[in-house]
Amino acid sequence: MSDAMKSVGIARMIERPNTKQFIRELFKDFMEFHGDRLFADDGAIVGGIASFEGTPVTVVGIQKGHTLEENLKCNFGAPNPEGYRKALRLMKQAEKFHRPVITLINTAGAFCGIGAEERGQGEAIAKNLLEMSRLKTPIISIFIGEGGSGGALALAVGDTVWMLEHGMYSVLSPEGFASILWRDSSRVAEAADLMKMTSGHLLENHVVDRVFKEPEEGLEHNLSYTTDQLREALRETIPELMEMEQKELLQKRYERFRKFGEYAE
Amino acid sequence: MNLFGKKSYYSLDGNERSKKNDRRRAKSEPSIPDGMWIKCNTCKAIIYKKEVTEYKLCPNCHAHFRMSPAERIGITLDEDSFQEFDANMVAKNPMDYPDYEEVIRKAQKKSGIKEGVVTGRGKIRGFDTVIAIMDSHYMMGSMGSVVGEKVTRAVEYATEHRLPIIIFTTSGGARMQEGIISLMQMAKVSEALGRHDEAGLLYVTVLTDPTTGGVSASFAMLGDIILSEPKALIGFAGQRVIKGTIHQDLPEGFQRAEFQLEHGFVDRIVHREKLRDELGRILRLHCPQGREEA
């Protein structure tokens, strides 16, 4: 099996530690807040305030379940527009109180349904991209599992973007890629290789800034192996970003995304 | 300007060769010459080509046919006011996608333009504006590096020169052949629009058929004012994907402009023949002199 397919398999495993588990490991005093104040509370997005070694932080993440019952509550980690709007509400709240925002990303993509379209899935994602790009407080985005397209990007416009070793991030699923471009869904592995969606490739083209090792025995058997590294990195990065002049912080975030693109003139 | 060059994709006006072919065939066969008649995909009526004006509307049901950037400029901007930006920017192959160069070459041939968007500045009813027009004839208006870069530069130009920007959107979404780099374009354009917005400048989007995927989830939905052409398909997810996810039939008119208006995501649906006037009025009401006159 190719490395890409191996990571796709691992990132999607139902046992893979989810956002709530990472929150428990990394933060203290987490208080979950609910609702977008407009329509509903989306179980696919978990967010609230917590303490990171004494520093108040806002944490927002996409939640997947380990069982069918859990997954029905969080819609298999596929957020609806109200989920993205809840995330934005909590990020704006963080801006007001000048707390750093940590986002945890693990989704196959934004939900594709009638209600999601009626309530403006596109508008909700678009608004997050725009508002995150100018949020006047630091944002650290961490890909802990799957990163499916715009639905993942909507929480990933960060000052720094991190990824776990077997995380993935792509413009669409390898299955979708194979079936749309080649009309042959059996060529999934080939698509996964071609799409350069693994942490190594993404580090190479600067889509992610840091990659964190996972334990040989699997993240689900030894979560602290990876969260210890993450804690160390947060301990370093949070003060660094918090001390930065706001103007510089925003300029650097702008440049981080401004640079993407390959073209000739 | 290469923009008004060869257009082999749209035969409404008929080029010389097809006229010759028509004549030749008309002599030898008793059938209706090719290219004189077209079928409206909406009402299925057979239309005599000459009845279709520069607005590219079905004379029977007023369906709005898809347009090229050159045609759009013709019905939108004041004559000879358009100055194109970055006309020669072309795609590279960031993912080493097999035969991407060939795909690009075909798209260029089909659309007559070098990439999926034309950007520049011009005047509408005397008012200066930056403008970007996407082309669905070019790889379904998909957004890759070049589309992202050209639109971003146009937005930055507008911010720098304190001008409004109008974007005509039409897109199937992100350009899959450019992988994750195409996804990053959504963030790139959005952040540039954020700065244009902070500068207190006007951004108008005109959604045209179809506006979906990554473009609908970024700059299409960020206008201060969002206009749409009638019946344009506008949505995030493709209808086949939604059906495959929920295993239900989709309601009549789902994701059309009228649906988006009803659900609060579009300010106004504007008939194409009135678009220039409406855009002119919007620009006038947003410019200092306009305020004085009013």
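Residues numbered from 1 in each chain as written. Chains lettered and ligands numbered in written order. Predicted model: local features only at pLDDT ≥ 70, side-chain atom pairs only at ≥ 80, totals over all residues.

**Q** What exactly am I supposed to notice about the overall build of chain B here?
**A** A tally of regular secondary structure across chain B gives 10 helices and 11 strands. Here chain B, with 294 residues, has 47% of them falling under the buried criterion. Contacts in chain B between residues at least 24 apart in sequence constitute 66% of all its contacts with a sequence separation of at least 6. (Helix = DSSP H or I, 4+ residues; strand = E, 2+ residues; numbered from the N terminus. Buried ≥ 20, exposed ≤ 12 C-beta atoms within 10 Å, placed from the backbone. Contact = placed C-beta atoms within 7 Å.)

**Q** What is the right way to look at the packing of helix α6 (residues 121-133) of chain A against helix α5 (residues 179-198) of chain B in this model?
**A** Packed helices, taken two at a time, are described by their axes: the angle between them and the distance between them. At a minimum axis separation of 8 Å, α6(A) and α5(B) run at an interaxial angle of 60°. When the axes of α6(A) and α5(B) are compared, the pair comes out oblique. As α6(A) runs across α5(B), the sense of the crossing is right-handed. Between α6(A) and α5(B), the residues in contact are A126(A), L129(A), L130(A) and S133(A) and M186(B), A187(B), S190(B), E191(B), L193(B) and G194(B), respectively. Here the residues of the contact of α6(A) with α5(B) are counted per class, giving 6 nonpolar, 3 polar and 1 charged. (Axes fitted to C-alpha atoms, helices over the stretch in contact; angles between N-to-C directions. Parallel < 35°, antiparallel > 145°, perpendicular 65-115°, else oblique. Left-handed = near helix turned anticlockwise from the far one by under 90°. Nonpolar A, V, L, I, M, F, W, Y, C, P; charged D, E, K, R; others polar.)

**Q** Help me understand the pairing of strand β2 (residues 45-52) of chain A, please; the structure alone is not making it clear to me.
**A** Each regular strand displays side chains that alternate between the two surfaces of the sheet. Residue and element names in this part refer to chain A. Bridge count between strand β1 (residues 28-33) and β2: 4 bridges; the pairing is antiparallel. From the neighbouring strand, K28 faces β2, where its bridge partner is S51. With 8 bridges joining them, β2 and strand β3 (residues 55-62) adopt antiparallel strand pairing. Its bridge partner being in β3, S51 is matched across the sheet by P56. (Pairing = 2+ DSSP bridges.)

**Q** How should I be thinking about unusual backbone geometry in this particular structure?
**A** As a rule of thumb, non-glycine residues mostly have phi less than zero, and peptide bonds are mostly trans rather than cis. The omega torsion across D209(B) and P210(B) is -15°, close enough to zero to call that bond cis. Here P210(B) is to be found in strand β8 (residues 203-212). Notably, D29(A) is not glycine yet its phi reads approximately 55°, a positive angle. On the secondary structure map, D29(A) appears in strand β1.

**Q** When you look at the interface of chain A and chain B in this model, what are you seeing that I'm missing?
**A** How big an interface is tends to be stated in terms of the accessible area lost upon association of its parts. Each partner contributes to the interface: chain A provides 42 residues, whereas chain B provides 46 residues. Elements that contribute at least two residues to the side of chain A that touches chain B include exactly α5 (114-118), α6, α7 (149-153), α8 (174-181), α12 (246-258) and β8 (263-264) of chain A. Looking at the side of chain A that touches chain B, the element that brings in the most residues is α6(A), giving 8 residues. As paired elements, β8(A) and strand β4 (residues 90-91) of chain B share 2 bridges and run antiparallel to each other. Within β4(B), the position partnered with Y263(A) by the bridge is A91(B).

**Q** Teacher, can you tell me more about the environment of R16(A) here?
**A** Residues and elements named next belong to chain A. By secondary structure assignment, the location of R16 is in the loop between α1 (3-12) and α2 (19-26). Along the chain, R16 and E32 lie 16 residues apart, while their C-alpha atoms are 21 Å from each other. Excluding residues that lie within four positions of it along the chain, R16 makes contacts with A11, G145, L219 and E220.

**Q** Can you walk me through the sheet that holds strand β4 (residues 101-107) of chain A in this structure?
**A** Working definition: the strands of a sheet are paired by backbone hydrogen bonds and lie parallel or antiparallel to each other. Residues and elements named next belong to chain A. Pairing is mixed across the open sheet formed by 7 strands, whose spatial order is β1-β2-β3-β4-β5-β6-β7. Sheet topology places β1 and β7 (210-212) at the edges, where each strand pairs with a single neighbour. Mean inter-strand twist for the sheet, computed between neighbouring axes without regard to direction, equals 25°.

**Q** What is the right way to read α2(A) from this model?
**A** Three or four residues apart is the spacing at which side chains of an α-helix point the same way, because the helix has 3.6 residues per turn. All names here are of chain A. For α2, the complete set of buried residues consists of T19, F22, I23 and L26. Buried residues of α2, viewed axially, fall in a sector of 100°; they line one side. Check the buried side of α2 and you find it contacts β1, β2, β3, β4, β5 (139-147) and α11 (223-243). (Arc of directions from axis to C-beta.)

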